[in-house]
Structures are given as C-alpha cells and as structure tokens.
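In case you want the letters, here they are:
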Amino acid sequence: MIETYLQNIHQLKNLLLTSSKKIIITIHHHPDADAIGSALALYHLLKKLKHDVCILSTSTYPSFLSWMYGIDDILIVQEKNPSKANILLINADYIFCLDYSSLHRVNFLENFVKKTNAHKIVVDHHLNPDTFADLYIWNAKASSTTEIIWDIIKNIDLSWMDKNIAECIYAGILTDTGSFKHANTSQNTHRVVAELMQFQINIAKINQLIYDNNSLNKLLFFSFAIQKRLVLIQEKKIAYFQISKKDKAKFHLQIGDTEGLVNQALSIKNITMAAVIKEKEHCVRISLRSVGDIAVNQLASTYFSGGGHKNAAGGTSLLSLEETVKKFETIIHQNY
C-alpha cells in the first residue's frame, strides 16, 4: 500500500507543478481541526505554486479554530444560495476532497461535485473510501489528513513550508490524535511533529487556543450534561449522553461546543465504549468512541449509516431522539 501511496503523491506532484490551475478544496460538513488544518495547509501550498484556489465549506467552523492563518478565506456556502459554489465547481480543473472519502459528507454540495468534469483528488485517512475520484492520496495508517498533507509537501518541495502551514498541520494532528492519546498515534506521527517544530511553531499556544479557550456556556453545558444527561450501562461498560435540541438552545451552544463531550464519558473508570447521541434539525447524530478491540466503526456502519476508525466513528439516525436512544440500547444489549 505504501508504494501506491507514494506513487500517487508523485502523480499529484506532476499535476501541481505544471501550469496554473483552478482548484477547489472541499471539506466535510461541520469541519473539525483536521479538515480545516489540512485545507488551509494545502491552500497555502497551492497559492505558493501560483494556482487559483478556493476552499468551500457547507458550514462554519468552531470558534476555537479562528486563529488559524487564512481561515477567513474559506467560503461558507449556504444551502439556500449555492449558485456561487456551483459555478466555482463547474469551472474547476481540480477538486480536492479533504478528510472525507464519501461524497455525502459534503452535504448539499454532493451532486454539484458529482456532475463536474473536474479531476477529483481524495486526500484522506478514513477506512473504506468510496470510488468516485480520479486520484487517491489515501493512507489509513496516518493519524490524520494533516499528516498526509505533510507527506505531500515533503515529497513536492519542503522549501515551500513555513510557520503558518506548520501550525495548520500541527493543529490537525493534535486534535485527531486526542493530544497524542489515541491508538492512531504512531512513531511517524511523533516524527512529523518533531519536524514541524523546526518551523518555530508555538505548541503551547496552539494547545491553549484549542483546549483552554472555552466559553462559559460550554462549561455550564458540560456540567449539565454530566449531571443530567449521562447514562451508564455498567454491566456493559458503556456510557452515553443524550442531548436534545432544547438542551443545546438552553446553553446557546455554537458549532464545536459539544466537541470533546464523548471523551468525558469514555474517561470514566472501566468504561470501554462511549457515545453522544445528539438531536439535530433533521436527524440525530451519533458520535462513538472506544478503547482496545471494540470496533465502533462497525457499529456505526452496520446500524447508523456511518463509519470511521476502529476507536472513533460516527453515524446518523432518521428516527427521533428517543427512538434512536432505544435503538442504541437494544444494539448494545444484543451485541456487547
């Protein structure tokens, strides 16, 4: 696999070092630090290579990422007015699909991306990618998509690296590894971070901006959730939160404010699987985490039209919140 991976990076290098192209970078709905970090790092690289580049997102980003260089350049596309994005996609030479490998992850832009004649390039680390693209820079052993972006830059020309790009890459690696606690943290991950530090990134500041920059509403919500919405199934070593739209409205939550809640459940002694079952406008989202050999990506794909990694996955339910919780508990009691 590694040979194909490096061959595909070399093929990408040949594409990018020819003439200037119109390039669109797309990221998944409700982007996290890995999606934003990889998009911005690639964006800055492509700008240096004299390409015409735009990043499209179907939703805004968490406020704790607002410090990232170039983040204001991201074009937030509204579902009620996607015409500008559609024109950009139609006229693109290349479309990058970053940190996702199933087109439904770009929400209402899915059909726009599908119908373009642009050369589609997936850069991702998630398992079981769909076959819709022309080129895959895919590595399931990478900790994050930002780690793959580092490989791309390193193989193209490391002289294009700078502090701003390095900080974007570090932020993605930091968060996708859970501050280097998750099983996806490899020897190579630490080597990449060591090399990033050569560019004088301030890792203490980045950690503070991401993890110690909470609103009071978020802290009050976490306290409420732990006291009122935490359910333990102790005989199964499973814990989960059930969060309604009213709960989120009560604390005026912003995008990203529920991030990390699932880890609070997983941090309980003897708990081996955790979930956040969260009511949204038109569906219910399930975030799953586990330790050891419990493969939550199988649970997500089998029962909730989702997927992800062995110990970190997610899915969607079109049932009500109450029905989804009941379904989840039935699955747990029947299979675990």
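Rules behind the numbers
Residues numbered from 1 in each chain as written. Predicted model: local features only at pLDDT ≥ 70, side-chain atom pairs only at ≥ 80, totals over all residues. Heavy atoms only, no water. Helix = DSSP H or I, 4+ residues; strand = E, 2+ residues; numbered from the N terminus. Buried < 20%, exposed > 50% of the residue type's maximum accessible area, 1.4 Å probe, protein only. Contact = heavy atoms within 4.5 Å. Expected span 1.5 Å × (residues − 1). Polar contact = N/O pair within 3.5 Å; in protein donor to acceptor, adjacent residues only side chain to side chain. Salt bridge = Lys/Arg side-chain N within 4 Å of Asp/Glu carboxyl O. Pairing = 2+ DSSP bridges.

Focus: the environment of Val 53
- Along the chain, Val 53 turns up in strand β2 (residues 52-57).
- Residue Val 53 is classed as buried on the basis of its relative accessible area of 8%.
- Non-local contacts of Val 53, meaning those with residues more than four positions away in its chain, are made with Ile 23, Ile 25, Tyr 43, Leu 46 and Lys 47.

Let's talk about helix α6 (residues 163-176)
- The terminal C-alpha atoms of α6 lie 20 Å apart, and with 14 residues this matches the ideal 20 Å at 1.5 Å per residue to within 8%.
- In terms of burial, α6 is a largely internal element, 12 of the 14 residues being buried.
- For α6, every residue scored as buried is listed here: Ile 165, Ala 166, Glu 167, Cys 168, Ile 169, Tyr 170, Ala 171, Gly 172, Ile 173, Leu 174, Thr 175 and Asp 176.
- In the core, the buried residues of α6 are packed alongside α2 (33-48), α5 (145-156), α7 (187-196) and α8 (203-211).
- Two to three positions downstream of the cap, the backbone nitrogen of Asn 164 sits 3.1 Å from a side-chain oxygen, assigning the N-cap of α6 to Asp 162.

Topic: the pattern of salt bridges
- The final tally for this structure, using the stated rule, is five salt bridges.
- For the salt bridge of Lys 114 with Glu 110, the shortest nitrogen-to-oxygen distance reads 3.2 Å. With Lys 114 and Glu 110 both in helix α4 (residues 110-115) and four residues apart, this pair spans about one turn of that helix.
- Across the pair Lys 154 and Glu 195 runs a salt bridge, and its minimum N-O distance is 3.1 Å. Taken together, the residues span a long stretch of sequence, with Lys 154 in helix α5 and Glu 195 in helix α7 at a distance of 41 residues.
- We classify Lys 154 as partly exposed; its relative accessible area is 40%.

Quick look at helix α9 (residues 216-228)
- Helix length check: α9 (13 residues) gives 18 Å between terminal C-alpha atoms against 18 Å at 1.5 Å per residue, within 8%.
- Considering only its buried residues, α9 is in contact with β7 (230-233), β8 (238-243), α10 (245-250) and α11 (261-266).

Describing the pairing of strand β9 (residues 273-279)
- Along β9, six of the seven residues are buried, which leaves the element largely enclosed by surrounding structure.
- Of the strand pairs in this sheet, β8 and β9 are connected by six bridges, and their pairing is parallel. When the sheet's bridge partners are listed, Ile 238 is paired in β9 with Met 273.
- As judged from the seven bridges shared by β9 and strand β10 (residues 284-290), these two strands associate in the antiparallel manner. For Val 276, the partnering residue across the bridge sits in β10 and is Ser 287.
- Joining the antiparallel neighbours β9 and β10 is a turn of four residues.

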